[in-house]
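This is what each chain is made of:
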Amino acid sequence: MGWGDMEPPNGSAAGRSDTCFGVFNASGSRDNAQNSITSPWFSTAFGLIGLCSNLFALCVLLSSSRKLSSRTRSSFLVFLCGLVVTDFMGLLVTASVIIPYHFIKFAWAKVDSGCHLCNFLGFSMVFFGQCPLLLGATMAGERFFGINHPFSRSTSISKRRAWSIVGLVWGFSCLLGLLPVLGLGRYTLQYPGSWCFLTLLPDTGNVIFCLLFALLGIFSVLLSFIFNTVSVVTLCRVYHDRESVQRRRDSEVEMMVQLVGIMIIATICWMPLLIFIVQTVLQQLPASGRVQMLPTETQKMLLIYIRMVTWNQILDPWVYILFRRAVLQRVYPSLRPRPSILSLYPVLNPSLRRKLTA
């Protein structure tokens with residue numbers, strides 16, 4: 001996401017509100033194409049940074065997963081890997097559409113008169129936008145039950161089950177992105193004419209789809225906040241409990257630090273856009289049927305908020321890269337592991353080891 005800032009299409013299609021080309025006014029956009037808000041080089045540079053960051057994080061994740069024996073940690077790395085893959089593919093797919101447009105300068109309305117390319121780009125924006133929010137909530141929920149109800153499950157989530165959950169999130173986001181193609185709402189070309197997204201016009205289909213997308217995202221962020229807050233409080237109590245001095249929760253702390261970082265970034269980057277969508281749609285409801293084109297200021301604000309969302313895909317991989325235990329131990333030496341009873345007495349019989357572990 002975040003590639004929507006190239007040149008506008010020909011103005012001939014700008015007035016057709018029944019297609020994907022009639023939501024913004026293309027007049028004057030070409031003259032402002034080099035402004036900071038619409039500069040193609042700004043988006044291209046940060047897109048490349050995001051691709052490199054996610055690729056580097058994916059390599060680190062794959063390397064770490066091969067060295068792990070902890071089932072809990074390995075399942076968490078599967079969710080992280082799904083998040084990084086989603087962010088990487090989101091940047092790559094949108095770039096594959098926008099970068100050629102930037103260099104070829106094709107007339108969008110002529111090349112894509114049937115709006116197929118616009119629908120694909122809009123679907124990509126919704127799919128790769130909603131997935132990280134849902135994955136963040138899923139990871140927070142998994143850690144919440146793992147930390148607060150450790151005995152409610154006989155075993156931790158296996159890698160196969162973790163990948164199945166990631167697949168379900170991808171499938172749900174895919175169905176959400178296909179709703180405009182199936183008739184609920186529509187994707188339209190957005191200011192300054194190089195990217196497609198959901199339509200903020202006050203007709204029934206667009207209102208329902210916009211509210212569904214925005215409220216689902218807000219719910220995911222709030223759910224992550226609740227789960228992570230309770231998990232952090234639980235970990236703080238465990239660490240200050242004298243009876244559990246020997247319980248090493250360094251791995252849980254590392255995962256929670258990463259989850260809190262992902263949640264903070266998602267909140268800062270996504271909440272302004274989601275609230276803006278809800279506010280814009282609800283404010284325009286009284287003029288339902290009479291508004292055929294978005295106001296210029298609304299178009300520009302939407303582009304600015306999409307730019308903020310782009311930072312989510314750039315910063316997510318660095319949360320894992322920088323907040324790994326190996327890095328944190330250099331900054332905070334007290335996080336280095338201390339010997340436990342089991343490591344001091346390796347000859348303990350299996351039944352006693354199980355009791356002490358419990």
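Note that the structure is a prediction, hence the values are computed from the model and not measured. (Residues numbered from 1 in each chain as written. Predicted model: local features only at pLDDT ≥ 70, side-chain atom pairs only at ≥ 80, totals over all residues. Heavy atoms only, no water.)

Draft legend 1. Focus on the packing of helix α4 (residues 116–148) against helix α5 (residues 159–182). The geometry of α4 relative to α5 is characterised by a closest axis approach of 8 Å and an angle of 145° between their N-to-C directions. Between α4 and α5 lies a crossing of right-handed hand. Residue-level contacts link F123, V126, F127, Q130, C131, L134, L135 and T138 of α4 to I165, V166, V169, W170, F172, S173, C174, L176, G177 and L178 of α5. The class makeup of the residues in the contact of α4 with α5 is 14 nonpolar, four polar and no charged. (Axes fitted to C-alpha atoms, helices over the stretch in contact; angles between N-to-C directions. Helix = DSSP H or I, 4+ residues; strand = E, 2+ residues; numbered from the N terminus. Left-handed = near helix turned anticlockwise from the far one by under 90°. Contact = heavy atoms within 4.5 Å. Nonpolar A, V, L, I, M, F, W, Y, C, P; charged D, E, K, R; others polar.)

Draft legend 2. Quick look at the environment of C269. Relative to the elements of secondary structure, C269 occurs in helix α7 (residues 250–284). By relative accessible area, C269 is classed as buried at 6%. (Buried < 20%, exposed > 50% of the residue type's maximum accessible area, 1.4 Å probe, protein only.)

Draft legend 3. The arrangement of unusual backbone geometry in detail. The backbone phi angle of C115 is positive, close to 65°, even though this residue is not glycine. Along the chain, the position of C115 falls in the loop between α3 (108–111) and α4.

Draft legend 4. Seen up close, the pairing of strand β1 (residues 187–190). Pairing of β1 with strand β2 (residues 195–198) involves four bridges; the strand directions are antiparallel. If you follow Q190 over to β2, its bridge partner there is W195. Counting the residues that bridge the hairpin from β1 to β2 gives four residues, and of these G193 lies at a positive phi of roughly 110°. (Pairing = 2+ DSSP bridges.)

Draft legend 5. Structural context of the UniProt feature "transmembrane region" (unreviewed entry) in the chain. Within this structure's numbering, the places UniProt gives as "transmembrane region" (unreviewed entry) are residues 41–64, 76–101, 121–141, 162–185, 205–238, 259–282 and 302–323. Within the segment residues 162–185, helix and strand shares are 88% and 0% respectively, and the terminal C-alpha atoms sit 33 Å apart. Split by type, residues 259–282 is 100% helix and 0% strand. Its first and last C-alpha atoms lie 32 Å apart. (UniProt positions renumbered as here; feature names shortened; annotations may be inferred.)

Draft legend 6. View of α5. The first and last C-alpha atoms of α5 sit 34 Å apart over 24 residues, in line with the 34 Å expected at 1.5 Å per residue. Listing the buried residues of α5 in full gives A162, V166, V169, S173, L176, G177 and P180. Positive backbone phi, approximately 120°, marks G183, located one or two places after α5. (Expected span 1.5 Å × (residues − 1).)

Draft legend 7. Fine view of the packing of aromatic side chains. By the definition in use, this model includes eleven aromatic pairs. Members of the aromatic cluster, connected to one another through ring pairs, are W195, F197, F213 and W270. (Phe/Tyr/Trp six-rings, centres within 6.5 Å; stacked < 30°, edge-to-face > 60°.)

Draft legend 8. Layout of the state of the cysteines. Per the counting criterion, the structure on display carries one disulfide. Paired by a disulfide, C118 and C196 hold their sulfur atoms 2.0 Å apart. With the S-S dihedral at roughly -120°, the linkage between C118 and C196 falls on the left-handed side. With a gap of 78 residues between them, C118 in helix α4 and C196 in strand β2 connect regions that are remote in the sequence. Looking at C118, the relative accessible area reads 0%, which means it is buried. Relative accessible area serves as the criterion here: at 0%, C196 is assigned to the buried category. (Disulfide = S-S within 2.5 Å.)

Draft legend 9. Representation of the nonpolar core. Counting residues in each nonpolar core, the largest one holds 83 residues, and the members touching the most others are W108, F197, L200, F213 and I277. For this core, the element with the most residues is α7, which contributes 15 residues. Other than its neighbours up to four places away in sequence, F213 contacts V126, Q130, L176, F197, L198, W270, L274 and I277. (Core = buried A, V, L, I, M, F, W, Y, C linked by side-chain atoms within 4.5 Å.)

Draft legend 10. Local environment of a nonpolar patch on the surface. A surface patch of nonpolar side chains, amounting to about 420 Å² of accessible area, comprises F56, V257, W318, L322 and F323. Within the secondary structure, L322 is located in helix α8 (residues 296–322). Note on L322: relative accessible area 45%, which makes it partly exposed. (Patch = residues over 30% accessible without salt bridge, like charges linked within 9 Å, V, L, I, M, F, W, Y side chains within 5 Å. Areas by Shrake-Rupley, 256 points an atom, 1.4 Å probe, with all protein chains shown as cover. Salt bridge = Lys/Arg side-chain N within 4 Å of Asp/Glu carboxyl O.)

Draft legend 11. Focus on the side chain of N54. Relative to the assigned elements, N54 resides in helix α1 (residues 40–67). Judged by relative accessible area, N54 falls into the buried class, the value being 0%. Here G50 takes part through its backbone oxygen, which lies 2.7 Å from a polar atom of the side chain of N54. With residues near it in sequence (within four places) discarded, N54 still touches V84, D87, F88, L91, Q313 and P317. (Polar contact = N/O pair within 3.5 Å; in protein donor to acceptor, adjacent residues only side chain to side chain.)

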